[in-house]
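Inside the fold
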Amino acid sequence: MGQKHSKEEHSVQVVNIKRREESLNVYPDSIVNPPDRPVSSAVDSSSPTKAEATKVSDNMIEVVAGDVSDFTDGETKEVDVAEQKVLLVKEDGQFYAIGNKCSHYGAPLNKGAYCKGVVRCPWHGACFNIKTGDIEDFPGLDSVPKFPVEIRDGKVVIKADQAALASAKRVKPMVKKAADNNKSVVLIGGGPANVVCAETLRQEGFTGKIVIVSKENCLPYDRIKLSKAMSIKPEEIALRSHQFYDEHDIEILLSKEVTKVLPEDKKIELNDGSELKYDSLVIATGGQPRQLPIPGSDLKNVYSLRTPHDANSIAENAQGKNVVIMGSSFIGMEVAAFLADKAASVSVVDLVRVPFQLTLGEELGSYMKQMHESKGVKFYFETSVKEFNGEDGQLKEAVLANGTVLPADVCIMGVGVVPATGFLKESGIELTARGFVTVNKNMKTNIEDVYAAGDIVEFPLFTADGQQVNIQHWQMAHQHGRIAGLSIAGKPQDIRSVPYFWTVQYGKSIRYTGYGFGYDDIVLHGDVEENKFVAYYTKNDQVVAVASLGWDPIVSQAAELMSKGGTISKEEIKEQPDSWVSRLKSY
């Protein structure tokens, strides 16, 4: 997030709230600390409605969900339909039904945040339109099934195709390439931004040629899993299969690196000497690991984590060995959590005072530090690695600037990334001093028909009054790709997505939404030691970001409120953490 604060710059107001008695143990990434039920009139908190299914044809069944008078506007309810879960919603007197499992990782949507036609996943913030089931914000690629609802004799009747009912995911209809369309869209980079962009183009009727150029040797994959499940294989986390791309006429060029962009000729040059012509170009090359000039960093088993091969090599070589991790932000700490029970020792080195200091602040950073220490992880803060020493080309120890010498068979340099935009320096595409690509609300660069998306861009964030920002979140990259695709398809929309990310460590998941850069205070509710809290990051008198653990779906509720243009004042969360939630029904 880039924010930096010293202890003197802001305070932390800790508000002790009596723990609620009821709890819902429904979140697999928070099983150790089941979240308490939030106060929200916009989300169903009752038991699922069980209804007897009636078969009306070979493929169609229907159930009576209840009397019309049983439901109120803005209420969501989970309904059991033939042993599957359906989300039933009443809005403006009309009833709608969609699949109740988020298409990303299966979270129960009735436990999420609902606001005027949109339900937001409680785990990772994906949004679905309750009238259509279409995904409107991310992460994830798929929509959810939609089911017809009828009113008969005062009863609410859900009709469901059994095949759709059995699937939590639905792919929106897509066109294919047409022989008479000579237009070509080239997408540089194999991440989620370009996958979503390609699918958006096909969904919106683009019948020209689509080519994704990736320097990696595997299909686009779920990169954020690399630091959480390091032994995983790329085919296990592929976003789509070869068959999917073939069926929808999306060409994938693997192990190809773009060396030059020539906008005046509308072409790109590749490292094998070949060229590709384009009518529209999208650049989403992501980040590349920051390289520090540390003596000995070329020794064997000094790693950066960027690819499945990196993750697999680290996991294999760290077994029973001494591991040093440089950096205590998300990559470094997720790697530490993965290796804590596998390596002989795990040591973390960083210039800051506590993990996540720059993003979560010192109070929550201290909590994360204690959690890792309880698993045997050791920390060396306010220092850095001065040099690596080895024998026969193999890493053996890390020497710190304060003189400490750590045994090190493996080192992971989790010190951040820089934008992979060096190949654009002579293209005429506007770059910032730090190498980021500047885009507008439609993801357009300063060059006609050239767009950029994902971690490499600075774009106008609507929750920050249109300030140009760089947000390196998995969720935001998806949305960038969608906006770029809509622009190319001639259906432009302004980017209007609230930043949302999460981290999972030792079975506990911290969620975060908003843009906390420049926050000057933190209002903290709950009990950090009991693994249940919600933290409000404020700037002047307004909440700019919210983080929580074991308090779902409050982060998703905050994200939904912000997405509708709503704000949360510092005053209203001083005493009660969720007094603002009821306002979701008013949008």
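Rules and cut-offs
Residues numbered from 1 in each chain as written. Predicted model: local features only at pLDDT ≥ 70, side-chain atom pairs only at ≥ 80, totals over all residues. Heavy atoms only, no water. Helix = DSSP H or I, 4+ residues; strand = E, 2+ residues; numbered from the N terminus. Rg over C-alpha atoms; globule rule 2.2 N^0.38 Å. Contact = heavy atoms within 4.5 Å. Lys, Arg positive; Asp, Glu negative; His and termini not counted. Charge placed at Lys NZ, Arg CZ, Asp CG, Glu CD. UniProt positions renumbered as here; feature names shortened; annotations may be inferred. Expected span 1.5 Å × (residues − 1). Buried < 20%, exposed > 50% of the residue type's maximum accessible area, 1.4 Å probe, protein only. Pairing = 2+ DSSP bridges. Axes fitted to C-alpha atoms, helices over the stretch in contact; angles between N-to-C directions. Polar contact = N/O pair within 3.5 Å; in protein donor to acceptor, adjacent residues only side chain to side chain. Core = buried A, V, L, I, M, F, W, Y, C linked by side-chain atoms within 4.5 Å. pLDDT = per-residue confidence, 0-100.

1. Quick word on the overall build of the protein
Across its full length, the protein holds nine helices and 40 strands. Here the C-alpha radius of gyration of the protein, 25 Å, is about what a compact globule of 587 residues would show, namely 25 Å. If you line up the protein on its principal axes, its C-alpha atoms span 80 × 65 × 45 Å. Excluding contacts between residues fewer than 6 apart, the proportion of contacts in the protein whose partners are at least 24 apart in sequence is 61%. Side-chain charges in the protein split into 66 positive and 79 negative, and the spacing between the mean points of these groups amounts to 1 Å.

2. Focus: the UniProt feature "domain: Rieske" (unreviewed entry) in the protein
Here the UniProt feature "domain: Rieske" (unreviewed entry) sits at residues 63-158. Helix makes up 0% of residues 63-158 and strand makes up 50%, while its end C-alpha atoms are separated by 5 Å.

3. Focus on the side chain of N312
With respect to the secondary-structure elements, N312 resides in helix α4 (residues 308-317). Not counting the four nearest positions on each side in its chain, N312 is found in contact with M230, S231, I232 and K233.

4. Some words on helix α2 (residues 192-203)
In a regular helix each residue adds 1.5 Å, so twelve residues correspond to 16 Å; α2 covers 16 Å between its end C-alpha atoms and thus fits that length. Along α2, the positions that sit buried rather than exposed are P192, A193, N194, V195, V196, C197, A198, E199, T200, L201 and R202. Those residues of α2 that are buried lie in contact with β15 (184-188), β16 (209-213), α3 (242-247), β17 (250-253), β21 (280-283) and α8 (474-488). Backbone geometry just downstream of α2 places G205 in the positive-phi region, at approximately 95°.

5. Some remarks on α4
Of all ten residues that make up α4, seven are buried, and the element is covered over most of its length. Buried within α4 we find P308, D310, A311, N312, S313, I314 and A315. Buried residues along α4 sit in contact with β23 (302-303), α5 (330-339) and β30 (410-413).

6. Quick look at the sheet that holds strand β4 (residues 60-67)
Spatially, four strands are ordered β3-β4-β14-β13 in an open sheet, and the strand pairing comes out antiparallel. Single-partner strands in this sheet number two, and they are β3 (53-55) and β13 (149-152). Across the sheet, the mean angle separating the axes of adjacent strands is 30° when strand polarity is ignored. For β4 and strand β14 (residues 155-161), the ladder comprises seven bridges, and the chain directions are antiparallel. Paired with I61 across the two strands is A160, which belongs to β14.

7. Overview of the side chain of S103
Positionally, S103 belongs in the loop between β7 (94-99) and β8 (113-115). For S103, a relative accessible area of 4% puts it in the buried group. A distance of 2.5 Å separates a polar atom in the side chain of S103 from the backbone oxygen of D142. Once residues lying within four places of it in the same chain are set aside, the contact partners of S103 are F128, D142, S143, V144, A168 and K169.

8. Description of the nonpolar core
V261, I268 and I283 are the most contacted members of the largest nonpolar core, which has 92 residues in total. What V261 contacts, discounting residues up to four positions off in sequence, is I188, K267, I268, Y278, L281, F423, L424, S427 and I429. Ranked by size, the runner-up nonpolar core spans 52 residues in total, among them A311, I314, M368 and Y512.

9. Remarks on the sheet that holds β8
Spatial strand order, β8-β9-β10-β11: four strands in an open sheet with antiparallel pairing. With one partner strand each, in any of the chains shown, β8 and β11 (135-137) form the two edges of the open sheet. Averaged over all pairs of adjacent strands, the angle between strand axes in this sheet comes to 30°, irrespective of strand direction. The sheet contact formed by strand β9 (residues 118-120) and strand β10 (residues 127-129) spans three bridges and is antiparallel. The residue bridging V118 from the neighbouring strand is N129, located in β10. Of the strands in this sheet, β8, β9 and β10 are in contact with helix α9 (residues 554-563), which crosses β9 at around 140°.

10. Things to note about the pairing of strand β37 (residues 508-514)
Most of β37 sits out of view: seven of its seven residues are buried. For strand β36 (residues 500-505) and β37, the ladder comprises six bridges, and the chain directions are antiparallel. Among the inter-strand pairings, F501 is bridged to a residue of β37, identified as Y512. From the end of β36 to the start of β37, which pair antiparallel, there are two residues, and Y506 there has a positive phi angle of about 55°. Pairing between β37 and strand β40 (residues 542-549): five bridges, direction antiparallel. Bridge assignment links I510 to a residue of β40, and that residue is L549.

11. Examining the confidence of the model for the protein
In this model, the protein carries a mean pLDDT of 91, and residues with pLDDT of at least 70 account for 91%. Counting interchain partners and residues more than four positions distant, the pLDDT-below-50 stretch residues 1-10 has 31 contacts. Ignoring residues within four places in sequence, the model shows residues 16-43, a span with pLDDT below 50, making 78 contacts including any to other chains.

12. Re unusual backbone geometry
Here the residue pair F138 and P139 is connected by a cis peptide bond, since its omega of 25° sits within 30 degrees of zero. Secondary-structure assignment places P139 in the loop between β11 and β12 (146-147). Each neighbour pair has its own omega, and for D552 with P553 the value is 0°, a cis peptide bond. With respect to the secondary-structure elements, P553 resides in the loop between β40 and α9. Despite not being glycine, F356 has its phi angle at roughly 60°, a positive value. Looking at F356, the relative accessible area reads 3%, which means it is buried. For Y506, which is not a glycine, the phi torsion comes out positive at approximately 55°.

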